[in-house]
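Structure assessment
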Amino acid sequence: MTMNLAGGCLCGAVRYRLRGAPTHVTHCHCRSCRRASGAAFVTWFTIKASELEWRGEKPTLYRSSAAVSRGFCPHCGTSLTYRHESDPEEIDITAASLDEPERLTPESHCWWEQHLEWGSAAAQGALPVHPRGG
Ligand SMILES: [Zn+2]
Ligand SMILES: [Zn+2]
């Protein structure tokens, strides 16, 4: 299945296009993702590396642990990719870097044992919801 998804970083220097369909759409609550993004959790999807095509500049890679490299825009810093050496055929991409992230439906939370209380879906349900700032 092809979804013709595209995305990129905040400044637009790094752009990508995807063939095929994303799998494993998950909210990751691990400390590394939180630190890498500065956010309470990061939503990822998985795609075959062969189905990913970079346009413009490529992300800069940072080795966040022995077997993991994380890619980000060298200009604006947007977190874009996660790759584990044990799965060289697959690459994870930040769902919110898509042009149309609403086309994906997250399936799960992972690394829940490291989640922040205020970063959880349960906490959201107990709080007022602001459509914009507030
Ligand atoms: Zn950028
Ligand atoms: Zn993570």
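Refer to the structure above for everything that follows.
Residues numbered from 1 in each chain as written. Chains lettered and ligands numbered in written order. Predicted model: local features only at pLDDT ≥ 70, side-chain atom pairs only at ≥ 80, totals over all residues. Heavy atoms only, no water.

Our focus in this paragraph is the side chain of His29. Checked against the element boundaries, His29 lands in the loop between β3 (23-28) and α1 (31-37). Accessibility expressed as a relative area gives 0% for His29, which makes it buried. Reaching out from His29, the side chain makes a polar contact with the side chain of His109 at a distance of 2.8 Å. In contact with His29, other than residues within four places in its own chain, are Arg34, Ala40, Phe41, His109, Cys110, Trp111, Trp112, Gln114, His115 and Gly119. (Helix = DSSP H or I, 4+ residues; strand = E, 2+ residues; numbered from the N terminus. Buried < 20%, exposed > 50% of the residue type's maximum accessible area, 1.4 Å probe, protein only. Polar contact = N/O pair within 3.5 Å; in protein donor to acceptor, adjacent residues only side chain to side chain. Contact = heavy atoms within 4.5 Å.)

Moving on: the coordination of the zinc ion (ligand 1). The coordination sphere of the zinc ion (ligand 1), as far as protein atoms go, consists of Cys9 (SG), Cys11 (SG), Cys73 (SG) and Cys76 (SG), spread over 2.3 Å. For the zinc ion (ligand 1), the four donor atoms in the first shell make angles of 106 to 113 degrees at the metal, a pattern classed as tetrahedral. Between consecutive donor residues of the zinc ion (ligand 1), the sequence gaps follow C-x1-C-x61-C-x2-C. With Cys9 in the loop between β1 (5-8) and β2 (14-18) and Cys73 in the loop between β7 (68-72) and β8 (79-84), this pair connects stretches of sequence that are 64 residues apart. Across this residue pair, the class does not change: Cys9 and Cys73 are buried. (Donors = N, O, S within 2.8 Å, 3.2 Å for Na, K, Ca; no water. Tetrahedral: all angles 85-135°; square planar, octahedral: opposite > 155°, others 65-115°.)

A few words on the sheet that holds strand β9 (residues 90-94). Spatially, the seven strands line up as an open sheet ordered β6-β7-β8-β9-β4-β3-β10, and their pairing is mixed. The outermost strands of the open sheet, each flanked by one partner alone, are β6 (60-65) and β10 (108-110). Averaged over all pairs of adjacent strands, the angle between their axes in this sheet comes to 30 degrees, without regard to strand direction. Pairing of β3 with β10, which is carried by three bridges, proceeds in the parallel orientation. The residue bridging His27 from the neighbouring strand is His109, located in β10. (Pairing = 2+ DSSP bridges. Axes fitted to C-alpha atoms, helices over the stretch in contact; angles between N-to-C directions.)

Shape is all these values report; function is a separate question.
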